[in-house]
Structures are given as C-alpha cells and as structure tokens.
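Below are the chains, spelled out letter by letter.
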Amino acid sequence: MTNSQLYQAIFHRRSIRKYDMNPLSDDTISKLQDYVALLKPLDNNIQYEIDYLRTDDVKNLLPIKAPHYICLYSQKEDNYLMNAGFLLQQIDLYLSVNNLGSCWVGMAKPSKGVPLVKNGLDFVIMLAFGNTSERVHRADRSEFKRNSLTEISSITGAEELLEAVRLAPSASNSQPWFFSGDVDEITVSRKKLSILRAPLYGKMNQIDIGIALCHLWLSFDQQGKGVSYNFREVVAPNGYEFMVKVIVG
Ligand SMILES: Cc1cc2nc3c(=O)[nH]c(=O)nc-3n(C[C@H](O)[C@H](O)[C@H](O)COP(=O)(O)O)c2cc1C
C-alpha cells in the first residue's frame, strides 16, 4: 500500500453502516494486520495497541453491526486523541483502497468481558469494517457534504493541498477544523464548543483533528513534502482553540 493510494482514496471513501455479516478471510485479516504494524503515529511518544474484535465483543449504542471492529487502546498522554484519529484514519483509507466498507463508531464500547484497559492502555475508539453490498466508494467530490474551503481556511494558495483535508470524515460530520498561517507553517485549530456540546463532542473533536492531520500529511506527501508537528500553543483565530502547528520540512 503506497501513500499515494491512500491519498487517492480520500476523494472516494465513504462511511459504510450496513455489512455483510460473513467474516473476512484469514488472508484479508492477515494482510490488514501487516499493514497495521506499519502505521505512522502523529506522536511517537504515545504508546498504543490495536485489537481486533468480532460482533459479540462490541456493545454498540448506534446500529452499526459489523463482522469486524478495530479497537484502539492508548496511553492517555497529551495529544493521544489526535494520535488516535491520525492512526485509525490510515486504516479507514486502507480498507477503502481494498474495496472494504468501514465506519468510525464513536458510540461503540467493548462489551462485558472485553477489557477497557489492556496492558495499562485505555480503550479509545473503534472502527467497524467488513464486506458490504453497498457502494464502497463515492463517484466524485460532489457526493461529499462538506464546508467550503473558505469556511475552513484563511490560507491563500493552499487550495489543492487543503482539498484533501476538507473532505475528511468527522463525528456527526461536524468538521471542527480551521487552518490559518501560511502553506509552510499551518496552524490547525478546533472550533470551541458550547458547554452543552462539550461532554459529547469534546473528545470526538480531537479525534477529528487527528483525522484531518492524517489527510494533511498525505496531501503534503503527495506534493513530495515532509512535515513535522509543533504542539507549543500559539494564538488561534477567534472562536477556535489551538491544536498543532504543521511545519513543512
Ligand atoms: C470520530 C468519529 C466518530 C463517529 N462515530 C459514528 C457513530 O457512532 N455512528 C455513525 O453512524 N457514524 C459515526 N461516524 C461517521 C460520521 O458520521 C461520518 O464520517 C460523517 O458523517 C461524514 O460522512 P462520510 O464518512 O461518509 O464521509 C463517526 C466519525 C468519526 C470521525
């Protein structure tokens, strides 16, 4: 799987909520596990583990019943939620490239008997996946319901770069991101939440930013550019909260 294949998948992926409940072949799962072993983290200092769950292992508050789930356990260090989004979004794109359905499931939890803490790492979130009889891919960009570039960015000359980020999935399609600064040093911020929305979306929004950062990394990579991340806080635009600065080179 190349980064370029993952990048192309950004423009066609969609969430799948109805699955063929037959399990995937051992070969398919084994190839997925090989890929997962090579995931790139956002922050190398955060320990994490990936587990593979089956339908009965999951207590799902919304009806996304799938034959398989990928479950992320993590150390709860600074930025662990962004790291979770960054990691699992690579899997979401990998599954799309392989014509498999997937969907982030923020409401699902491991069922009784499946640990919430594993080797000292806490359960964070999971991704449902499997075969589907639905259309796995979108035909083109017009099928995405997303904010326009001008609503999510004040950077000039970054249209192509940020198009891949604009299309990123987010919890309830909330698209909480904003991009400011310039193309070589992008400040990524997250919409401030009202007290009412904070309990439900406070964590999900940070995972969403990690997903957007995964798309941004792939978009830079597509242009032959590497990036580094600086988490030292700088002023964010009004109504937003600073998350990270993405620096080219
Ligand atoms: C962190 C996160 C949690 C999500 N949780 C759920 C969920 O619990 N149930 C669900 O049906 N969809 C869930 N979604 C899927 C979003 O609703 C979906 O990504 C968004 O509406 C955009 O649609 P798309 O993925 O088809 O582009 C979640 C997405 C993210 C990123």
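Just above sits the structure.
Reading guide: rules and limits
- Residues numbered from 1 in each chain as written.
- Predicted model: local features only at pLDDT ≥ 70, side-chain atom pairs only at ≥ 80, totals over all residues.
- Heavy atoms only, no water.
- Helix = DSSP H or I, 4+ residues; strand = E, 2+ residues; numbered from the N terminus.
- Rg over C-alpha atoms; globule rule 2.2 N^0.38 Å.
- Buried < 20%, exposed > 50% of the residue type's maximum accessible area, 1.4 Å probe, protein only.
- Contact = heavy atoms within 4.5 Å.
- Areas by Shrake-Rupley, 256 points an atom, 1.4 Å probe, with all protein chains shown as cover.
- Lys, Arg positive; Asp, Glu negative; His and termini not counted.
- Charge placed at Lys NZ, Arg CZ, Asp CG, Glu CD.
- Core = buried A, V, L, I, M, F, W, Y, C linked by side-chain atoms within 4.5 Å.
- Domains from an automatic or database assignment.
- Near = heavy atom within 4 Å.
- Polar contact = N/O pair within 3.5 Å; in protein donor to acceptor, adjacent residues only side chain to side chain.
- Nonpolar A, V, L, I, M, F, W, Y, C, P; charged D, E, K, R; others polar.

Attention now moves to the overall build of the chain. When its secondary structure is counted, the chain shows six helices and 11 strands. For the chain, the C-alpha radius of gyration of 17 Å lies close to 18 Å, the compact-globule estimate for 249 residues. Seen through its principal axes, the chain has C-alpha atoms that stretch 50 × 35 × 35 Å. Across the 249 residues in the chain, those meeting the buried criterion constitute 52%. Once local pairs closer than 6 in sequence are excluded, the contacts in the chain between residues at least 24 apart make up 73%. Put simply, the chain shows about 11,800 Å² of open surface, and 48% of that area lies on carbon and sulfur atoms. Averaged over its 27 positive side-chain charges, the chain has a centre that lies 7 Å from the centre of its 27 negative ones.

Let's shift gears to the nonpolar core. Judged by nonpolar contacts, the single largest core of 66 residues is most densely connected at Ile91, Phe179, Leu213 and Val246. With 12 residues, helix H6 (residues 198-222) is the largest single contributor of residues to this core. The two domains that each donate at least three residues to this core are domain 1 (3-130) and domain 2 (145-248). Discounting chain neighbours no more than four positions away, the residues touching leucine 213 are Leu42, Met82, Phe86, Val188, Tyr229, Val244 and Val246. Counting residues in hydrophobic clusters, the runner-up holds 17 residues, among them Cys103, Val105, Val114 and Phe123.

With that out of the way, let us pick up the site of the ligand. Neighbouring residues of the ligand: 23 residues in total, closest Arg13, Ser15, Arg17, Arg138 and Arg146. One nitrogen or oxygen atom from the side chain of serine 15 is found 2.5 Å from an oxygen atom belonging to the ligand. Residue arginine 138 places a side-chain N or O atom 2.9 Å away from an oxygen atom belonging to the ligand. Out of a free accessible area of 620 Å², the ligand has 88% covered by protein chains. Counting only elements with at least two residues in the shell around the ligand, the list comes to strand E4 (101-105) and H6. Among the elements that line the shell around the ligand, the one with the most residues is H6, at four residues. For the shell around the ligand, the class distribution of residues is 12 nonpolar, five polar and six charged. Among the domains, domain 1 (3-130) and domain 2 (145-248) are the pair contributing at least three residues each to the shell around the ligand.

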